[in-house]
Amino acid sequence: MSSSLSRFALTVLFVASCSIVTAQEWGSLKGKFVFEGDVPAIGKPDPGTDKVCIAAAPEQQKLKLGDGKELANVVIYLRPGRGDELAVHPDCEKLASEPVVLDNKTCVFVPHITLVNTGQTLLIKNSDPTGHNTKGALASNGEFNYTLAANGQQELTFDEEERLPMPVSCSIHPFMTGYLVVRENPYMTVSAADGTFEIKNIPAGEHEFQFWHELSGYLKDVNTTSGELDRTGRIEIEIPANGVVDLGTIEVPADIFE
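Everything numeric here is computed off the predicted structure, so don't read it as measured data.

Caption draft 1: Just the overall build of the protein chain, in detail. The number of helices and strands found in the protein chain is 3 helices and 19 strands. With respect to the three principal axes, the spread of C-alpha positions in the protein chain is 85 × 40 × 25 Å. Counting all 258 residues of the protein chain, 42% fall into the buried class. Taking contacts inside the protein chain between residues at least 6 apart in sequence as the whole, the part at least 24 apart equals 66%. Of the roughly 13400 Å² that the protein chain leaves accessible, carbon and sulfur atoms contribute 50%. Averaging the locations of the 20 positively and 36 negatively charged side chains of the protein chain gives two centres separated by 3 Å.

Laid out in structure tokens, this is it:
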């Protein structure tokens, strides 16, 4: 083959490769969680003798419901198959380059559930005028434990993905608990105070999604407009190109929290 033909073939291959990359299409997943049934009694945290925490009067964070029993803090994330490589939308890449903040504020962890990508900076802060410590015993990333004076902070990153949300706590104030969700891909979210959630810019195609809540663990045997979550809280969903899958109002029965 002549050198000119070789250059032509390489050019065609390059253009075709670029076309494949730029042809990636994206879709979204959304829905809303509501709690169904009698609300279990969960006591208020005991702030002990710390005057700052007594004044803050922290509320329990384990089961947060709106006036219409909208369910907050349900974790939803995409679980790629073994060996699968997910395309990442440029907007997601930009967000992943920015630090995620986990604050000790008014004697609670803010946010209660923190989402962070592997390699992304997690900035742990203490905005309270009292000392805190933030510790975690992660399955894949090992343990960390940072004592933070008032207005103190600490940065860290995680190298490995965590299969499930992992707890964080404060030894100084044992009632303070939260969770870290560490994933390799950015397709994850937590339901808001009004029960709603949305994951945008998901690569079009069929994906498996995990649903989890701290009181139940896997959110199992719950119905959605796309089918029922299985006993491990998972469901296969086809994400349409330039479209949205709306799982509708997802009723979460009280008995799964027992």
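Caption draft 2: Spatial organisation of the side chain of Asn 133. Mapping Asn 133 onto the fold places it in strand S7 (residues 132-138). A polar side-chain atom of Asn 133 sits 2.8 Å from a polar atom in the side chain of Asn 145. Here the side chain of Asn 133 touches Ser 171 through a polar contact of 2.7 Å, landing on its backbone nitrogen. Not counting chain neighbours up to four residues away, the residues in contact with Asn 133 comprise Asn 104, Phe 109, Asn 145, Tyr 146, Thr 147, Leu 148, Ser 169, Cys 170, Ser 171 and Ile 172.

Caption draft 3: View of unusual backbone geometry. Pro 111 follows Val 110 through a cis peptide bond whose omega is 0°. Take Pro 111: it is sitting in the loop between strand S4 (108-110) and strand S5 (113-117). Of note in this structure, Lys 69 is not a glycine but carries a positive phi near 65°. Looking at the element boundaries, Lys 69 is found in the loop between helix H2 (51-56) and strand S2 (75-79). Judged by relative accessible area, which is 30%, Lys 69 ranks as partly exposed. Of note in the backbone geometry, Cys 107 takes a positive phi value of approximately 60° without being a glycine. Within the secondary structure, Cys 107 is located in the loop between strand S3 (100-105) and S4.

Caption draft 4: Structural context of the environment of Trp 212. For Trp 212, the location among the structural elements is in strand S14 (residues 205-213). With 48 residues separating them in the primary sequence, Trp 212 and Leu 164 have C-alpha atoms 8.4 Å apart. Setting aside its immediate chain neighbours within four residues, Trp 212 contacts Asn 73, Val 74, Val 75, Leu 164, Pro 165, Tyr 179, Gly 217, Tyr 218 and Leu 219.

Caption draft 5: Spotlight on the environment of Pro 99. Along the chain, Pro 99 turns up in the loop between helix H3 (90-96) and S3. It is 9.9 Å that separates the C-alpha atoms of Pro 99 and Asn 117, two residues lying 18 residues apart in sequence.

Caption draft 6: Structural detail: the sheet that holds strand S1 (residues 26-36). With respect to topology, 3 strands assemble into an open sheet ordered S13-S1-S19, the strand pairing being mixed. Only two strands of the sheet have a single partner each, and these edge strands are strand S13 (196-203) and strand S19 (244-253). Sheet twist, expressed as the mean angle between neighbouring strand axes with direction ignored, is 20°. Bridging between S1 and S13 involves 6 bridges; their strand directions are antiparallel. Note that in S13 the partner of Gly 27 across the bridge is Ile 202.

Caption draft 7: Seen up close, the nonpolar core. With 29 residues, the main nonpolar core has Leu 29, Phe 33, Phe 211 and Leu 219 as its most contacted residues. Looking at this core, the elements that each hand over two or more residues are S1, S2, S13, S14, strand S18 (234-239) and S19. Leu 219 has contacts with Phe 33, Val 74, Phe 211, Trp 212, His 213, Leu 229, Asp 230, Gly 233, Val 252 and Ile 256, leaving out every residue within four places of it along the chain.

Caption draft 8: Quick peek at the sheet that holds strand S9 (residues 153-156). Ordered in space as S4-S3-S6-S9, the 4 strands form an open sheet in which the pairing is mixed. A single partner strand is all that each edge strand has here, and the edge strands are S4 and S9. The sheet shows a mean angle of 20° between the axes of neighbouring strands, taken without regard to direction. The pairing of S3 with S4 spans 3 bridges and is antiparallel. Looking at the pairing, Asn 104 lines up with Phe 109 of S4.

Caption draft 9: A look at the state of the cysteines. All chains considered together, the criterion is met by 1 disulfide. Counting only cysteine sulfurs, Cys 53 is the nearest neighbor of Cys 170, a cysteine outside any disulfide, at a range of 7.7 Å. When its relative accessible area of 1% is taken as the criterion, Cys 170 is described as buried.

Thresholds, definitions, all that
- Residues numbered from 1 in each chain as written.
- Predicted model: local features only at pLDDT ≥ 70, side-chain atom pairs only at ≥ 80, totals over all residues.
- Heavy atoms only, no water.
- Helix = DSSP H or I, 4+ residues; strand = E, 2+ residues; numbered from the N terminus.
- Buried < 20%, exposed > 50% of the residue type's maximum accessible area, 1.4 Å probe, protein only.
- Contact = heavy atoms within 4.5 Å.
- Areas by Shrake-Rupley, 256 points an atom, 1.4 Å probe, with all protein chains shown as cover.
- Lys, Arg positive; Asp, Glu negative; His and termini not counted.
- Charge placed at Lys NZ, Arg CZ, Asp CG, Glu CD.
- Polar contact = N/O pair within 3.5 Å; in protein donor to acceptor, adjacent residues only side chain to side chain.
- Pairing = 2+ DSSP bridges.
- Axes fitted to C-alpha atoms, helices over the stretch in contact; angles between N-to-C directions.
- Core = buried A, V, L, I, M, F, W, Y, C linked by side-chain atoms within 4.5 Å.
- Disulfide = S-S within 2.5 Å.

Geometric values such as these leave the question of function open.
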